Amino acid sequence: MSGPAAGAAHAATTSDVVCLGESMVTFLPSQPGRLADVPSFGRAIGGAESNVACALAAAGHRAKWVSRVGADGFGDHLVETISRYGVDTSAVERDPDRPTGIYFRTATDRATDTHEVAYYRAGSAASAMSPANVPAEDALCGRILHLSGITAALSGDCLSLLHSLTAPRPGRPLISFDVNHRTGLWRDADAAPAVLLDLARRSDLVFVGEDEAEEAWGLNGAEAIRAALPEPGVLVVKRGAEGATVFSGPRPSVADGPESVTTVPALRVDVVAPVGAGDAFAAGFLSATLRDLPVRDRVRHGHLMAAAVLTVPGDLTDPPARAHADRLVALDDTAWETLRLGPGWTAADRASEEVPTP
Ligand SMILES: Nc1ncnc2c1ncn2[C@@H]1O[C@H](COP(=O)(O)OP(=O)(O)OP(=O)(O)O)[C@@H](O)[C@H]1O
Ligand SMILES: O=C(O)C(=O)C[C@H](O)[C@H](O)CO
């Protein structure tokens, strides 16, 4: 992999991965239907970057979450729940003057593959993140810093923070960036495409959905996305149930040979709820990157972690035990492509596994 060596030992780091972004208390509907008709909601937690941190910690890595929450009960709940996954929350700042963000969502309508979201996060504690109140040393202390385009939409201060953290600097951790284009979050929707493209181009490892690249940038297909994003050493283009394609190796702008293009089919999954699959995929890919596994296996670990989340109702679940995941990742192509995973599959042999060492 080009760019900073995430797989190499790094004496000054305190975390494997630092994930920076807003998390919210999430209200999941008690029954399907329009937001207007849902009679009650159950409490869970959401937040793309903390989802990645929780999955990585549950998979045995040292993960840290950097953010801000209000000095309120919802802030307590987020910090306590995320800590229980084994994530280091020591750098999360409490703001007595701003609330913790929350959001409500409906069940996904399987016919249209859509759901409704109602955010209550404008002016939240996390939306005030800035270079002035998020110490760079907290964010840059890992081998990997994982960011997402959601943060760019929260406020001008949040965007400044992303610009500062992605600026070139000696010893910069590997910057991982999930485009996560959330149309409903941008106050200036016209600005989003250029901002997200610029942030992706400043990063070392980029995750983007083929559909979101078309929606945000009007780009069709993985090759077109790579042409618009030549800088990242690793570019992962996700295609949902079909699989993912990774561009890695020598950069096309450098005349030192062709880069590798690796396409890996996804698994057959009996999907319960699709939200959070992208975060779980990123966590699986990052976990295998930290272990210096080959590109195909990084993608397979991504698909497996995604399959774990796809088979539960919320954004988060325990990933498969590492030895179990490694056995599945080692399957031959036919066995991989015919494997079918449904609710409960991750529990298969977790009870008998030892806690993995990163
Ligand atoms: N129907 C499916 N069957 C099997 N795997 C799937 C399916 N949908 C998604 N996946 C897996 O989940 C990964 C992420 O999917 P996708 O890119 O659609 O998520 P996303 O839109 O980024 O999700 P979110 O932003 O809500 O977390 C895919 O790369 C794949 O591994
Ligand atoms: O939409 C957001 O800002 C979130 O972070 C909420 C969800 O947890 C996230 O979309 C899942 O990827």
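This text follows the structure it describes.
Residues numbered from 1 in each chain as written. Chains lettered and ligands numbered in written order. Predicted model: local features only at pLDDT ≥ 70, side-chain atom pairs only at ≥ 80, totals over all residues. Heavy atoms only, no water.

Broken down by element type, the protein chain carries 12 helices and 16 strands. Structurally, the protein chain occupies a C-alpha span of about 55 × 45 × 45 Å along its principal axes. Pairs at least 24 apart in sequence give 71% of the contacts found in the protein chain among residues at least 6 apart. When the accessible area of the protein chain is evaluated, it comes to approximately 14600 Å², of which 52% is carbon and sulfur surface. Treating the 31 positive side-chain charges of the protein chain as one cloud and the 45 negative ones as another, the clouds have centres 3 Å apart. (Helix = DSSP H or I, 4+ residues; strand = E, 2+ residues; numbered from the N terminus. Contact = heavy atoms within 4.5 Å. Areas by Shrake-Rupley, 256 points an atom, 1.4 Å probe, with all protein chains shown as cover. Lys, Arg positive; Asp, Glu negative; His and termini not counted. Charge placed at Lys NZ, Arg CZ, Asp CG, Glu CD.)

Right, let's talk about the site of ligand 2 for a bit. All residues in the neighbourhood of ligand 2 are listed as Met 24, Gly 46, Gly 47, Ala 48, Asn 51, Tyr 103, Tyr 119, Arg 121, Ile 150, Arg 182, Asp 279 and Asp 315. The backbone of Ala 48 places a nitrogen or oxygen atom 2.9 Å from an oxygen atom of ligand 2. The side chain of Asp 315 places a nitrogen or oxygen atom 2.5 Å from an oxygen atom of ligand 2. Its free accessible area being 320 Å², ligand 2 has 94% of it covered by the protein chains. A breakdown of the residues in the shell around ligand 2 according to their chemical character gives 5 nonpolar, 3 polar and 4 charged. (Near = heavy atom within 4 Å. Polar contact = N/O pair within 3.5 Å; in protein donor to acceptor, adjacent residues only side chain to side chain. Nonpolar A, V, L, I, M, F, W, Y, C, P; charged D, E, K, R; others polar.)

Before going further, it helps to spend a moment on helix α10 (residues 295-310). The first and last C-alpha atoms of α10 sit 22 Å apart over 16 residues, in line with the 22 Å expected at 1.5 Å per residue. For α10, a buried count of 14 out of 16 residues is recorded, marking the element as mostly surrounded by other parts of the structure. (Expected span 1.5 Å × (residues − 1). Buried < 20%, exposed > 50% of the residue type's maximum accessible area, 1.4 Å probe, protein only.)

Let us look at the sheet that holds strand β3 (residues 41-46). The strands that make up a sheet are held in pairs by hydrogen bonds between backbone atoms, and each pair lies either parallel or antiparallel. If you walk across this open sheet you meet the 4 strands as β3-β2-β7-β8, and the pairing is mixed. Each of the sheet's edge strands pairs with one partner strand only, and the pair in question is β3 and β8 (117-120). On average, adjacent strands in this sheet sit at an angle of 25° to one another, irrespective of strand direction. Of the pairings in the sheet, the one linking strand β2 (residues 24-29) to β3 comprises 6 bridges and is antiparallel in character. Each residue of the ladder has a partner; that of Pro 29, found in β3, is Phe 41. (Pairing = 2+ DSSP bridges. Axes fitted to C-alpha atoms, helices over the stretch in contact; angles between N-to-C directions.)

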